[in-house]
Amino acid sequence: MDLVEHKNHRKWMAEYLANCEQHNKSPKNLLNYRTDLTKFHHWYEQTHHGDLSRVNAEIVSKYLNFLRGRHSQKKRKLAFFWRKPESLQIKSLSPNSRRRHLSSLHNYFMFLKQTYEDKSRKFKINPVKSKIHGIRVKQMDVEHTVAVTPNDWQKILQVTYRVRDKLILSLMYYGGLRLEEVTNLNLANFDCTNHSITFVRKGGYVHKLKLQNAEHLFELLEQWLKIRTEYGHALFVNKNSKRISVRGMYSLVMKLIEKAGCSRTGLSPHSFRKACATNMYRETKDLLKVRDYLNHKDAQVTQTYIELD
């Protein structure tokens, strides 16, 4: 039997996941969203009456206690009705995991609010909005991603021989693109006349970006187009002539970082985006310019990307 029994809940979750897929969310993220939402729906159906439109801040607080492992005797007995062990989390989750769960719920309820608030009286308020930032994440719970330093960058370039790989790394280092955004690029995204790219950012936002070091980037693009053997829409494909997956792209970048022998721990594909933010801020001293370049909504988020000596 489906863990989510309420038909409206199944319908709303399916609509939300379809929307996420349309906005180029990775398979890994879609799986996480489905898992988090299934857990919440099942908990809610076992502990409350009615559909999700009745969820309020108090109910979200109760769910947060559930994620902390604080269960009443009545709720503990519900474990006997859950046949799949992953559907009930008895052990307390870490602050970082709880934050992720509530972040998934926040985005889900925001989708429901935007979709249905003008069509009915449901979902007028996002009940999770005030709860996410109430979870304090301990230093030890966070895996810090560090920025690629100029020295790291030179080491990585020295071991990167393929034009395709240089283009991928440069789009992240100079363009500040996320790994998933690079993976989803098509040739049509590039404007060679204005040295810009127009593409879908995280969250589904279409962003037109005037690239830093554009002359170098478009020179690499021209070289890549001359030697690549595939002429489909996707800019980067695998050996099966299909768009390279996010996992494949991640593996490629991590191998280059490892091959370069960079000694700093915490380097990952996202380190190139942080390097882009750091380098741009050092040059311009304009936090808002860096925010807009990375397409952040909040400059406080941008500040966390900047590593200064």
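As a reminder, the structure under discussion sits directly above these lines.
Residues numbered from 1 in each chain as written. Predicted model: local features only at pLDDT ≥ 70, side-chain atom pairs only at ≥ 80, totals over all residues. Heavy atoms only, no water.

S.K.: Describe the overall build of the chain, and please don't skip the residues or the numbers.
M.R.: The secondary structure content of the chain amounts to 13 helices and 3 strands. Going through the 309 residues of the chain one by one, you find that 43% of them count as buried. When the accessible area of the chain is evaluated, it comes to approximately 17,800 Å², of which 49% is carbon and sulfur surface. (Helix = DSSP H or I, 4+ residues; strand = E, 2+ residues; numbered from the N terminus. Buried < 20%, exposed > 50% of the residue type's maximum accessible area, 1.4 Å probe, protein only. Areas by Shrake-Rupley, 256 points an atom, 1.4 Å probe, with all protein chains shown as cover.)

S.K.: Just give me the short version of unusual backbone geometry, but keep the residues and values in it.
M.R.: A positive phi angle is found at K285, which is not glycine, with a value near 55 degrees. Mapping K285 onto the fold places it in the loop between α11 (270–284) and α12 (287–294). Since its relative accessible area comes to 57%, K285 is described here as exposed. A positive phi is found at N295, a non-glycine position, where the angle reads about 65 degrees. The residue N295 is located in the loop between α12 and α13 (299–305) in this model.

S.K.: Could you give an account of the sheet that holds strand β1 (residues 190–191), with specific residues and numbers?
M.R.: Spatial strand order, β1-β2-β3: 3 strands in an open sheet with antiparallel pairing. At either margin of the open sheet sits one strand with a lone partner, and together these are β1 and β3 (206–210). Note: β1 against strand β2 (residues 196–200), 2 bridges, orientation antiparallel. Along β2, the bridge assignment pairs D191 with S196. (Pairing = 2+ DSSP bridges.)

S.K.: Kindly report on the packing of helix α7 (residues 163–173) against α11, identifying the contributing residues and their values.
M.R.: Two elements in contact, α7 and α11, have axes separated by 7 Å at closest approach and are oriented at 50 degrees. Of the possible angle classes, the one that applies to α7 and α11 is oblique. Of the residues in α11, those in contact with L169, M172 and Y173 of α7 are F272, R273, A275, C276 and N279. A class-by-class count of the residues in the contact of α7 with α11 yields 6 nonpolar, 1 polar and 1 charged. (Axes fitted to C-alpha atoms, helices over the stretch in contact; angles between N-to-C directions. Parallel < 35°, antiparallel > 145°, perpendicular 65-115°, else oblique. Contact = heavy atoms within 4.5 Å. Nonpolar A, V, L, I, M, F, W, Y, C, P; charged D, E, K, R; others polar.)

S.K.: Can you break down the packing of helix α2 (residues 27–47) against helix α5 (residues 95–116) residue by residue, with the values?
M.R.: Here α2 crosses α5 at 85 degrees, and the two axes come no closer than 9 Å. Classified by the interaxial angle, the pair formed by α2 and α5 is roughly perpendicular. Contacts between α2 and α5 involve Y33, D36, L37, K39, F40 and H41 from the first element and R100, H101, S104, L105, Y108 and F109 from the second.

S.K.: Could you give an account of the nonpolar core, with specific residues and numbers?
M.R.: One finds L167, F236, V253 and F272 to be the most contacted residues of the largest nonpolar core, which totals 50 residues. Those elements that provide at least two residues to this core are α6 (150–158), α7, α8 (179–183), β2, α9 (214–227), α10 (246–260), α11 and α12. No other element matches the 7 residues that α7 contributes to this core. Those residues in contact with F236 that sit more than four places away from it in its chain are R164, L167, I168, L171, V182, W224, R243, I244 and M249. Counting residues in each nonpolar core, the second largest holds 29 residues, with M13, L17, F111 and L112 among its members. (Core = buried A, V, L, I, M, F, W, Y, C linked by side-chain atoms within 4.5 Å.)

S.K.: Tell me about the layout of surface pockets, residues and numbers included.
M.R.: To find leftover empty space, one rolls a probe the size of a water molecule over the atoms. Counted as a void, the second largest pocket has a volume near 340 Å³. Surrounding the second largest pocket, 17 residues form its lining, R162, R164, D165, V237 and L252 being those nearest its centre. Considering each element in turn, the lining of the second largest pocket owes the most residues, 4 residues, to α10. Each residue belonging to the lining of the second largest pocket can be placed in one class, and the counts come to 7 nonpolar, 3 polar and 7 charged. (1 Å grid on protein atoms, 1.4 Å probe; cavity = no way out; pocket = protein on both sides within 12 Å on 5 of 7 lines; lining within 4 Å. Points joined across faces, edges and corners; volume = space filled by probe spheres on them.)

S.K.: Can you tell me about the packing of aromatic side chains, naming the residues and giving the values?
M.R.: The full count for this structure, using the stated rule, is 17 aromatic pairs. Consider the rings of Y108 and F109, whose centres lie 5.8 Å apart with planes at 55 degrees: the pair is tilted. For the pair Y108 and F109, one class covers both residues: buried. With a centroid separation of 3.9 Å and an interplanar angle of 5 degrees, the aromatic rings of W153 and Y173 are classed as stacked. Taken together, the residues W153 in helix α6 and Y173 in helix α7 connect sequence positions 20 residues apart. Members of the aromatic cluster, joined through ring pairs, are Y16, Y33, F40, W43, Y44, Y63, F66, Y108, F109 and F111. (Phe/Tyr/Trp six-rings, centres within 6.5 Å; stacked < 30°, edge-to-face > 60°.)

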